[in-house]
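# A structural walkthrough
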Amino acid sequence: MEGSPQELFHPKACRFRIHIMASLLNRIQWLLQPWRIVGFVSCMVGVSCYALSSNFNHLLGHWNPLKISLYIICSTFFSIIVLFAKEWPRSSNPQIKAQFIFVVLMFTFIYTFFSNKEEVKKPDAYGPISFAAFTVMSWTPYTSFRHALNQDPHDEGTSPLAAPQPPRVSEDIVHSFKFALKKLHQDNWRLAWELQNHLNRYLTDEIDKIPEETLNDHNFLVDEISPQVLLELHKNANLMILGQRERDCVDEYINSQIHFLEMCQSELRLDIFQLQQKENINEEEIIKKWIKLSSIAMRILFPNERRLCDRAFNISSISDNCFMQICTKLTKDLLSFADGVADRSQGQSGYLPNILQVLNALNDQIIPAFNSLFSIQSNTSLGSETITVVNRLRLAIRDQHFKGLEDLICCDERPIPRRGKTHKLTVEVMNRLRDAFQDRDILEPILRDYPKVLVSEGMSSVSAHVAWIIELLETHLEAKSNICWDGALGCFFLMTNYLEDYQRSSWDTVLGFLKLDNGNLTAESMTEKLSLFNEHFYRIWHDQITWFDGGFETELREEIIESVCKILVPAYENFVAVFRDVLPEHADDYILYSASKFNDAFYGFFKGFDWY
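Residues numbered from 1 in each chain as written. Predicted model: local features only at pLDDT ≥ 70, side-chain atom pairs only at ≥ 80, totals over all residues. Heavy atoms only, no water.

This next bit is on the overall build of the protein. The secondary structure content of the protein amounts to 25 helices and zero strands. Sorting the 612 residues of the protein into buried and exposed places 42% on the buried side. In the protein, once contacts between residues fewer than 6 apart in sequence are set aside, the share between residues at least 24 apart is 77%. Just so you have it, the protein exposes about 34,000 Å², and 57% of that area is on carbon and sulfur atoms. (Helix = DSSP H or I, 4+ residues; strand = E, 2+ residues; numbered from the N terminus. Buried < 20%, exposed > 50% of the residue type's maximum accessible area, 1.4 Å probe, protein only. Contact = heavy atoms within 4.5 Å. Areas by Shrake-Rupley, 256 points an atom, 1.4 Å probe, with all protein chains shown as cover.)

Turning next to a nonpolar patch on the surface. Judged by side-chain polarity, Ile37, Val41, Val45 and Ile129 come together as a nonpolar surface patch covering roughly 290 Å² of accessible area. If one sorts the elements of the nonpolar patch by residue count, helix H3 (residues 34–52) sits on top with three residues. Mapped onto the secondary structure, isoleucine 129 falls in helix H7 (residues 126–139). For isoleucine 129, a relative accessible area of 39% translates into the label partly exposed. (Patch = residues over 30% accessible without salt bridge, like charges linked within 9 Å, V, L, I, M, F, W, Y side chains within 5 Å. Salt bridge = Lys/Arg side-chain N within 4 Å of Asp/Glu carboxyl O.)

Moving on, we get to the side chain of serine 525. Within the secondary structure layout, serine 525 lies in helix H23 (residues 523–544). One polar contact links serine 525 to threonine 522, side chain to side chain, over a distance of 3.0 Å. (Polar contact = N/O pair within 3.5 Å; in protein donor to acceptor, adjacent residues only side chain to side chain.)

As a further point, take the nonpolar core. Within soluble globular proteins, side chains that are nonpolar tend to cluster in buried spots. Within the largest apolar cluster, 106 residues are counted, with the highest numbers of intra-cluster contacts made by Tyr253, Trp290, Ile296, Phe302, Leu362 and Leu393. Considering each element in turn, this core owes the most residues, 14 residues, to helix H14 (residues 283–312). With 31 residues, the next largest nonpolar core counts Met526, Val576, Phe598 and Phe605 among its residues. (Core = buried A, V, L, I, M, F, W, Y, C linked by side-chain atoms within 4.5 Å.)

Checked against the element boundaries, cysteine 322 lands in helix H15 (residues 316–344). For cysteine 322 and tyrosine 253, which are 69 residues apart along the polypeptide, the C-alpha to C-alpha distance reads 7.9 Å. Once you skip the residues sitting within four places of it in the chain, cysteine 322 turns out to touch Val250, Tyr253, Ile254, Cys309 and Phe313.

Below, the discussion takes up the confidence of the model for the protein. Taken residue by residue, the protein gives an average pLDDT of 75. The fraction at 70 or more is 68%. Taking the mean pLDDT of every element in the protein, the minimum, 48, falls on helix H1 (residues 5–8) and the maximum, 92, on helix H12 (residues 246–267). When the criterion is pLDDT under 50, residues 87–98 qualifies, and its contacts beyond four places in sequence or with other chains add up to 30 contacts. Between residues 142–164, whose pLDDT stays under 50, and residues either more than four places distant or in other chains, the model counts 38 contacts. (pLDDT = per-residue confidence, 0-100.)

Here we come to the pattern of salt bridges. For the structure shown, the criterion picks out 21 salt bridges. A salt bridge links glutamate 262 to lysine 329; its shortest N-O distance comes to 3.8 Å. Separated by 67 residues along the polypeptide, glutamate 262 in helix H12 and lysine 329 in helix H15 bring together distant segments of the chain. With a shortest N-O distance of 2.9 Å, arginine 394 and aspartate 449 are connected by a salt bridge. Residue arginine 394 is found in helix H17 (residues 380–410), and its partner aspartate 449 is found in helix H19 (residues 440–449); the two are separated by 55 residues along the sequence.

Counted under the stated rule, the structure contains zero disulfides. The thiol of cysteine 249 is unpaired, and the distance to the nearest cysteine sulfur, on cysteine 322, comes to 7.1 Å. (Disulfide = S-S within 2.5 Å.)

In the Ramachandran plot, aspartate 205 falls in the positive-phi region, its phi being about 70° despite a non-glycine side chain. As for its placement among the helices and strands, aspartate 205 is situated in the loop between helix H9 (200–203) and helix H10 (212–216). Positive phi values are uncommon outside glycine, yet arginine 269 reaches one of about 60°. Locating arginine 269 in the fold gives a position in the loop between H12 and helix H13 (272–276). Residue arginine 269 is classed as exposed on the basis of its relative accessible area of 60%.

A word on the packing of aromatic side chains. In this structure the tally under the stated criterion is six aromatic pairs. Chaining the aromatic ring pairs together yields one cluster made of Phe533, Phe537 and Tyr572. The positively charged end of lysine 292 is found above the aromatic ring belonging to tyrosine 202, 4.1 Å away from the centroid. Positioned over the ring face of phenylalanine 337 is arginine 344, at 5.6 Å from the centre of the ring. (Phe/Tyr/Trp six-rings, centres within 6.5 Å; stacked < 30°, edge-to-face > 60°. Lys NZ or Arg CZ within 6 Å of the ring centre and 35° of its normal.)

Take the environment of valine 358 next. Within the secondary structure, valine 358 sits in helix H16 (residues 352–373). Contact partners of valine 358, with chain neighbours within four places excluded, come to Ile287, Trp290, Ala338, Val341 and Leu393.

Assignment of secondary structure puts histidine 175 in helix H8 (residues 171–198). Spatially, the C-alpha atoms of histidine 175 and asparagine 236 are 9.1 Å apart, while their sequence positions differ by 61 residues.

Take the packing of helix H11 (residues 227–242) against H14 next. The contact between H11 and H14 brings their axes to 8 Å, and the two run at 60°. Taken together, the axis directions place H11 and H14 in an arrangement best described as oblique. The segment H11 lies against H14, with Leu230, Leu233, His234, Ala237 and Asn238 engaging Leu308, Arg311 and Ala312. (Axes fitted to C-alpha atoms, helices over the stretch in contact; angles between N-to-C directions. Parallel < 35°, antiparallel > 145°, perpendicular 65-115°, else oblique.)

Interhelical geometry of H14 versus H16 gives an angle of 5° and a closest axis separation of 10 Å. One finds that H14 runs roughly parallel with respect to H16. In contact with Glu284, Ile287, Trp290, Ile291, Ser294, Ser295, Met298, Phe302, Pro303 and Arg306 of H14, H16 contributes Asn354, Gln357, Val358, Ala361, Leu362, Gln365, Ile366, Ala369, Phe370 and Leu373. Among the residues forming the contact of H14 with H16, the class breakdown is 13 nonpolar, five polar and two charged. (Nonpolar A, V, L, I, M, F, W, Y, C, P; charged D, E, K, R; others polar.)

Right, here's the structure in full:
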């Protein structure tokens, strides 16, 4: 019963068949070497003529059945030995060995010729013919096909026939290999179209991930290639390798598949470098397409090339080398674009989202796939280049947050605003510091590896860098207040600009007690949080109530109320509502003031009313 197409064209089955065929061709060509054929024919002629010569009858007497049987056996054995003989081992005197046989045969011929000269009345041609045939036979192991290859028989080293020489590759095999590559190239056009069809929804942003059914079908591209093309490619590629044409075979295959990857980029409209030449497309859109190309290459195209290389070549080292060279160009292009993003981030304060997108794609898609696809031995160069690009992006993120702020503060020459209002520099710096705090999970390991300031023990790297920027800002603002023509205005300017610092130092801790941990909404934890909130809120109230009496500047008071109350009051109302759900019967035993009363009391606090 015939096997299924999958079984017939399975890589292991194909390797076994090609190995058997190559071994058979190798052995036949080894046996059909000219010197073997000449030696075998000479031996047959020699033993036949010698049996008919008068020399044989003179030495051994007339024929009888026993002599005939023994002679046939010995002659057959001797002929087989000649057919399967090896070349003379390489040595400094190989000619002596051949000449020794020649001398022995000549001595035998001369002896038999003179010993029976008187008995022989007519000339006997069989003796000289057998002598000539044996002479030719004795020289054939030495005059082997090594001379046809123009090799020096006196070279040092072991005999090339210690193992059978590989067969030479005929032009028919080379032609068949190139024809199989041409057929594969034709299939590649169809594969690129099929890939575009599978990924159309992903490419048009209807979905944000590659469809799972496409990712789960690991062989959907390879299976689209004609099995006959795969078989012909495998057979002829390995025949070329056995025939010492590996370089030609590998180069042709690599160039073909590199062209396929370029074809896919064009068909999918993800050729990044062509997109960069267009004037009507912004960089955010190009980064978006770069991320798609990275995902498709690492999760579909490169795994497909890995399987195809394994199908094409028997030897794993050749398969690994082909795969690495095919994927290197596209991988370098992807890394080059990411490196360009790091370069373009210098001097652009709003470039941080672009850097984060590229870095996340590298960490989430390219690096994990790279490590799983490429062997440790082959990925040294690309792996080092990837690490270098990642580190440059991390440094760019650090500088976007803190080097940019340092330059912003030090280069600011704007005057104090009228009436001592909040300086635009303060707003910009605090907004950027807020962004840094939101990105603290990303920034912390970066700042730990590449710090700009000394980090005290027990302090996070982000906190140390935020404190450094605030110190720079305070020093800068104090310098501006000192050159103000009105000393009082200068002081008010400082107080106004410290509003951000006031909110952070006074109310951020209190606000932290109102945050809800969805995984720990127990009566005990909620009660503890409310108790700590009441304690800290009373302390602030007691310490600061006298700061906001009737003489406090009205506009500044309103700014503080808007800044603090719009965050704290809604957080308290939400906390109280959840607390009543968790502890419905005894909630009022712990709540000192309801949500509505807290709102009135808090606004009253900033107007100097002693609510306690």
